[in-house]
Amino acid sequence: MTEREKEDLIDSFECLDELNNNYFEIIKEFSFDKDALLRSRCAALLINFQTDDSLKLLLHLCSDTDDLVRAEAYDSLGAFVFPKVEKTLFKSINSEKNTLPLDENFPIFKPNFEANL
């Protein structure tokens, strides 16, 4: 499958109300693709499908080597209401070496947050 075909397939998933197992397996496969942009799009897409499987995949993407992929995974995880999510996000704040993913996705943890209320 070409990169363009993969992108088109991800685009088509954005209109879905739910992911069946076949579609989820495709997203899972794409989440391990060499293309970081494709992996980040998978992470962004999963915000719409809050399942245990999506959670596991997002937790995996939180450890990706690419900043954008991690940023998208952190952002999508923020919509999940699971105890493990809070723990993972706080751990990420403490361990993230590059501030890009944190600056974009954790504005509530910035020092001047109270001043913005």
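How each quantity is defined
Residues numbered from 1 in each chain as written. Predicted model: local features only at pLDDT ≥ 70, side-chain atom pairs only at ≥ 80, totals over all residues. Heavy atoms only, no water. Core = buried A, V, L, I, M, F, W, Y, C linked by side-chain atoms within 4.5 Å. Buried < 20%, exposed > 50% of the residue type's maximum accessible area, 1.4 Å probe, protein only. Helix = DSSP H or I, 4+ residues; strand = E, 2+ residues; numbered from the N terminus. Contact = heavy atoms within 4.5 Å. Patch = residues over 30% accessible without salt bridge, like charges linked within 9 Å, V, L, I, M, F, W, Y side chains within 5 Å. Areas by Shrake-Rupley, 256 points an atom, 1.4 Å probe, with all protein chains shown as cover. Salt bridge = Lys/Arg side-chain N within 4 Å of Asp/Glu carboxyl O. Lys, Arg positive; Asp, Glu negative; His and termini not counted. Charge placed at Lys NZ, Arg CZ, Asp CG, Glu CD.

So what exactly am I meant to see when it comes to the nonpolar core here?
The biggest cluster of nonpolar side chains holds 26 residues, and the ones touching the most others in it are I10, I27, L46, L58 and L77. Contributing elements (two or more residues each) for this core: α1 (3–13), α2 (21–30), α3 (36–45), α4 (52–61), α5 (67–77) and α6 (83–95). Setting aside residues up to four positions removed in sequence, L58 forms contacts with A43, L46, A73, S76, L77 and F80.

How should I be thinking about a negative patch on the surface in this particular structure?
Judged by side-chain charge, E25, E29, D52 and D53 come together as a negatively charged surface patch. Listed by contribution, the elements that provide at least two residues to the negative patch are α2 and α4. With respect to the helices, strands and loops of the structure, D52 is situated in helix α4. Residue D52 is classed as partly exposed on the basis of its relative accessible area of 49%.

These results come straight from atomic positions and should not be treated as a statement about function.
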